[in-house]
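Report on the structure
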Amino acid sequence: MTKSQPQNKFLPWLDVLAIASWGVLMLRYWVTGKLNLLIHPNFFGLVVVCGVALIVIAFLKAKELWRRRRREVTPNLQHVNFFAPGWGSSLLIISAISGIIITPQVFASDKALQRGVTELTNSRVQPQAFRASTRPEERSLVDWVRTLSVYPEPDGYTGQKVKVQGFVIHPPDMGKEYIFLARFVLTCCAADAYPVGLPVKLTEGQERYTPDTWLEIEGKMVTETISGKRQLTIAASSLKKIPQPPNPYSY
């Protein structure tokens, strides 16, 4: 037996481990509920099917390799080795293990400021199942932004009640009497998530919560001039600190 034969026997098993580890990673994200931090729910089924398929492929490949080993036949690398000389499989295994150990992090205020909080009339925010009859206090934060994309005149909403949830941002161009309440909208996956939200006007005595604090805010809509621009603003009558939702993204 040549020196390279033991290594050649090991490489196909490395491929099996790489395939299986990624199948396990996909299913683990789904079972633990972390998949919603990475992709839109519309693609959950595809991820689950792929995860199961990878595990089945790894099982069949391992079964074939075990059968060949019992026959004491050295595997033919041209048929079973996908990533010669094994570096590709090693990288896949390392990345899968890293994904299992490291929990995906939710985007927060720093990422929102880096990507730029979406303008209230931004064309990216399209209405979905828009209903004019929806009571103002039943609209979510994203619903308000989508409504504004249809009719952007802030005075049209003056005095309407509002009750929304989101996380706090402190944009550098806003005065200390304001905070910005935001949510990330996920259209496909975390790579294309973008922030939207509304400014909130605080009254004297109300706490200016630190960035990334999740709040439920009640109040009414007013028009404020912020950074030289007229904007629809929440005049807060109540600010309540809440835990981060299990699914922090909107769709």
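As shown above, the structure is provided for reference.
Residues numbered from 1 in each chain as written. Predicted model: local features only at pLDDT ≥ 70, side-chain atom pairs only at ≥ 80, totals over all residues. Heavy atoms only, no water.

**A few points about a nonpolar patch on the surface**
Judged by side-chain polarity, Val 52, Val 56, Phe 59 and Leu 60 come together as a nonpolar surface patch covering roughly 380 Å² of accessible area. Among the structural elements, Val 56 can be located in helix 2 (residues 44-70). Residue class for Val 56 comes out partly exposed when judged on its relative accessible area of 42%. (Patch = residues over 30% accessible without salt bridge, like charges linked within 9 Å, V, L, I, M, F, W, Y side chains within 5 Å. Areas by Shrake-Rupley, 256 points an atom, 1.4 Å probe, with all protein chains shown as cover. Salt bridge = Lys/Arg side-chain N within 4 Å of Asp/Glu carboxyl O. Helix = DSSP H or I, 4+ residues; strand = E, 2+ residues; numbered from the N terminus. Buried < 20%, exposed > 50% of the residue type's maximum accessible area, 1.4 Å probe, protein only.)

**Examining the pairing of strand 4 (residues 214-226)**
In this sheet, strand 4 lies alongside strand 1 (residues 161-169) in antiparallel orientation, the contact comprising seven bridges. Looking across to strand 4, one finds that Phe 167 is bridged to Trp 214. By the bridge criterion, twelve bridges tie strand 4 to strand 5 (residues 229-241) in an arrangement that is antiparallel. Directly across from Val 222, in strand 5, lies its bridge partner Thr 233. Taking the residues between adjacent antiparallel strands as the criterion, strand 4 and strand 5 are bridged by two residues, where Ser 227 takes a positive phi near 55°. (Pairing = 2+ DSSP bridges.)

**Brief notes about the pattern of salt bridges**
On inspection of all chains with the given rule, the structure shows six salt bridges. Between Glu 153 and Arg 230 there is a salt bridge, and its shortest N-O distance comes to 2.8 Å. Within this pair, whereas Glu 153 is found in the loop between helix 6 (141-150) and strand 1, its partner Arg 230 is found in strand 5, the two being separated by 77 residues in sequence. A relative accessible area of 28% places Glu 153 in the partly exposed class. Close ionic contact of Glu 216 with Lys 240 constitutes a salt bridge, the shortest N to O distance being 3.4 Å. With Glu 216 in strand 4 and Lys 240 in strand 5, the pair connects residues that are 24 residues apart, well separated along the chain. Among the charged side chains, a salt-bridge network with shared partners connects Arg 135, Glu 137 and Glu 138.

**Examining the packing of aromatic side chains**
Per the stated rule, a full pass over the model turns up seven aromatic pairs. Measuring from ring centre to ring centre gives 6.2 Å for Phe 107 and Tyr 249, while their planes differ by 50°; the resulting arrangement is tilted. Of this pair, Phe 107 sits in the loop between helix 4 (87-101) and helix 5 (109-115) while Tyr 249 is found in strand 6 (residues 249-250), placing the two residues 142 residues apart along the sequence. The class for Tyr 249 is buried, based on a relative accessible area of 4%. Of note, Arg 139 hangs over the ring of Trp 144, and the distance from its end group to the ring centre comes to 4.6 Å. (Phe/Tyr/Trp six-rings, centres within 6.5 Å; stacked < 30°, edge-to-face > 60°. Lys NZ or Arg CZ within 6 Å of the ring centre and 35° of its normal.)

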